[in-house]
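# Observations on the three-dimensional arrangement
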Amino acid sequence: MTLHDTISVRPATDNDWPALELLDSVAFAYHPVDADRTLTRALTRTEDVVVATDAGTPIGLALDLPMDLTVPGGTQVPVRGVTWVSVAPTHRRRGVLRALFAQIHNNIGRTGVPLAMLTASDAGIYGRFGYGPATVSTSVTIDRRFARFRDDAPDPGGVVLTDQATAVTRLPEIYERWRLITPGAQNRPQPQWDYTFADPEEHRDGKSGLHYLIHPDGYATFRYRSADDGMVAVVAELVAVTDAAHTALWRTLCGLDLTQRIEATQHPDDPLRLMLTDYRLPRTTRRSDDLWVRIMDVPAALGARTYALDGDIVLAVRDPYLDAGGTFALTVRDGHAECRRTDATAHVTLDLDALGSLYLGAHRARTLAAAHRIEAASDRDLALVDMMFAADRPAVLGYGF
Ligand SMILES: CC(C)(COP(=O)(O)OP(=O)(O)OC[C@H]1O[C@@H](n2cnc3c(N)ncnc32)[C@H](O)[C@@H]1OP(=O)(O)O)[C@@H](O)C(=O)NCCC(=O)NCCS
């Protein structure tokens, strides 16, 4: 697609901010309040924002933020998180996103980080740019009135109800311990915490302010919403460093006696349903992608994580968008990997977005092969890749950005 010659792309300046806020709020259907502005300005260097203009007027933007991402095995990888991807409704589908992304990925390439990542408003957009869905979340609704824990489920206790002043001092430290062991979770800078605690009423969709439950190794935050049949507790976050914290927090949530239902999001392997007498009680209402990963540097990214099984595998990776692909030998010993370019014959061939989907362990190679997203030279090669890429813990996005 060729851009109209009045459209061009440049770095933002401070004067652009009002126009950028307008573009983003119209694109994402919200009305910005002071807390939104404070968060964005605190996290963003204006020169990292890429603006598209038509005859000088801003009509699109995208920006990328520095983050540290935990990968399987617990290594912290420096990444860039792409966000605020917005094109004016007056200028859609004429190549503005493509032009913005060319500049954004050029900028990201220059930082040398091995990964770029984003969360997607629409799942059909980002595969063409080499991003694959890399964490999965499910939404569950639990009819709390019938929630009974099995007799053999532990009852660790240790949860206290706290006010916000206490939460401010306790949550960041617990989150930090959790994100360091959780693939897919990022560091959470102070402005992001300030936004969580500012909890702007305008963005609550009529729900209550946040309530806080704290365990020494975990926390849950939730809101109340009134529904036709009674009160609903909507869990905003449940962070558990240990299994005991997870159980104790869920037992406490299930003790909210005047609440009909609890709504929460979980990774697909959350153990809650296995601890209840009724396995079906957490009813899955939605299954969706969360974090999307684009590998910028295959040897650095594959060398950063650990693997569930030792082995030698040659991967042929296609990246028609940016040419980060090629043929790579992955050698894993004692779980640790070395990855380098090779001329050897590939055992498996796949697109870069499919490698992004494998990377944090949330999707299996077998499933991708069944979907014709991975071609393996033999069943044995596929079985090896399938087992190697399993993660030590389920991948979970730390927070949306
Ligand atoms: C999504 C959005 C940024 C696309 O911008 P755009 O300038 O219209 O996109 P482009 O014209 O550059 O399209 C680039 C490619 O993506 C495709 N595409 C764009 N939007 C798409 C969508 N919503 N679903 C599927 N494909 C999409 C185009 O067809 C085009 O494909 P091709 O070049 O491979 O043929 C824009 O519609 C927008 O701002 N939407 C609201 C906010 C939003 O959803 N932002 C994304 C946040 S994660």
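Along each chain, residue indices are assigned from 1 in the same order as the chain's sequence is written. The predicted origin of the model limits local features to residues at a pLDDT of at least 70 and limits the giving and counting of side-chain atom pairs to 80 or more, whereas totals for whole chains, interfaces and linings rest on all residues. Hydrogens and water molecules were not included; the side-chain quantities draw on all heavy atoms of the structure.

## Concerning the site of the ligand
In the vicinity of the ligand, 20 residues are found, and the nearest of them are Val-85, Arg-93, Arg-98, Ser-121 and Arg-128. Relative to its unbound accessible surface of 900 Å², the ligand loses 80% to contact with the protein. Put simply, DSSP H or I for four residues or longer makes a helix, DSSP E for two residues or longer makes a strand, and each gets a number counted from the N terminus. Within the residue set of the shell around the ligand, elements represented by two or more residues are strand 4 (76-87) and helix 3 (96-111). Ten residue types, Ala, Val, Leu, Ile, Met, Phe, Trp, Tyr, Cys and Pro, are classed as nonpolar, four, Asp, Glu, Lys and Arg, as charged, and the remainder, Gly among them, as polar. Taken together, the residues of the shell around the ligand sort by class into nine nonpolar, five polar and six charged. We call a residue near a molecule or strand as soon as one heavy atom of that residue lies within 4 Å of the molecule or strand. Computed with a 1.4 Å probe, the accessible areas rest on the Shrake-Rupley method; for each residue, only the protein chains presented here act as cover.

## Digging into the pattern of salt bridges
Oppositely charged side chains may form a pair once their charged atoms are brought near each other. What counts as a salt bridge is simple: a side-chain nitrogen of Lys or Arg found within 4 Å of a carboxyl oxygen of Asp or Glu. Tallied over the entire structure, the rule returns 29 salt bridges. A salt bridge links Glu-176 to Arg-179; its shortest N-O distance comes to 2.9 Å. Remark: Arg-179 and Glu-176 occur in helix 4 (residues 164-179); sequence separation between them is three residues, near one turn of the helix. The buried label applies to any residue whose accessible area, calculated with a 1.4 Å probe on protein chains only, is under 20% of its type's maximum; exposed applies above 50%, and partly exposed to all values in between. Under the relative-accessibility criterion, Arg-179 is labelled buried at 6%. Linked through salt bridges whose partners overlap, the residues forming this network are Arg-45, Glu-47, Asp-48, Asp-64 and Arg-80.

## Topic: the packing of aromatic side chains
Two aromatic rings from Phe, Tyr or Trp, using only the six-membered ring of Trp, form a pair when their centres are within 6.5 Å; if the ring planes differ by under 30 degrees the pair is stacked, by over 60 it is edge-to-face, and anything between is tilted. The tally for this structure, following the rule as stated, stands at twelve aromatic pairs. Ring geometry for Phe-197 and Tyr-212: centres 6.1 Å apart, planes at 45°, overall tilted. In this pair, Phe-197 is assigned in helix 5 (residues 190-198) and Tyr-212 in strand 9 (residues 211-215), connecting sequence segments 15 residues apart. A residue is classified by how much of its surface remains accessible, and Tyr-212, at 4% relative accessible area, is buried. Summarising the aromatic geometry, the rings of Phe-222 and Tyr-224 are spaced 5.4 Å apart at their centres and angled 90° between planes, so their arrangement reads as edge-to-face. Three or more aromatic residues joined by ring pairs make a cluster, and in this case those are Phe-101, Tyr-126, Phe-129, Tyr-131 and Tyr-321. Should the NZ of a Lys or the CZ of an Arg lie within 6 Å of a ring centre and within 35 degrees of the ring normal, that charge is described as sitting over the ring. If you follow Arg-273 out to its NZ or CZ, it ends over the ring of Tyr-279, 5.2 Å from the centre. Above the plane of the ring of Tyr-307 lies Arg-305, whose end atom (NZ or CZ) is 4.5 Å from the centre.

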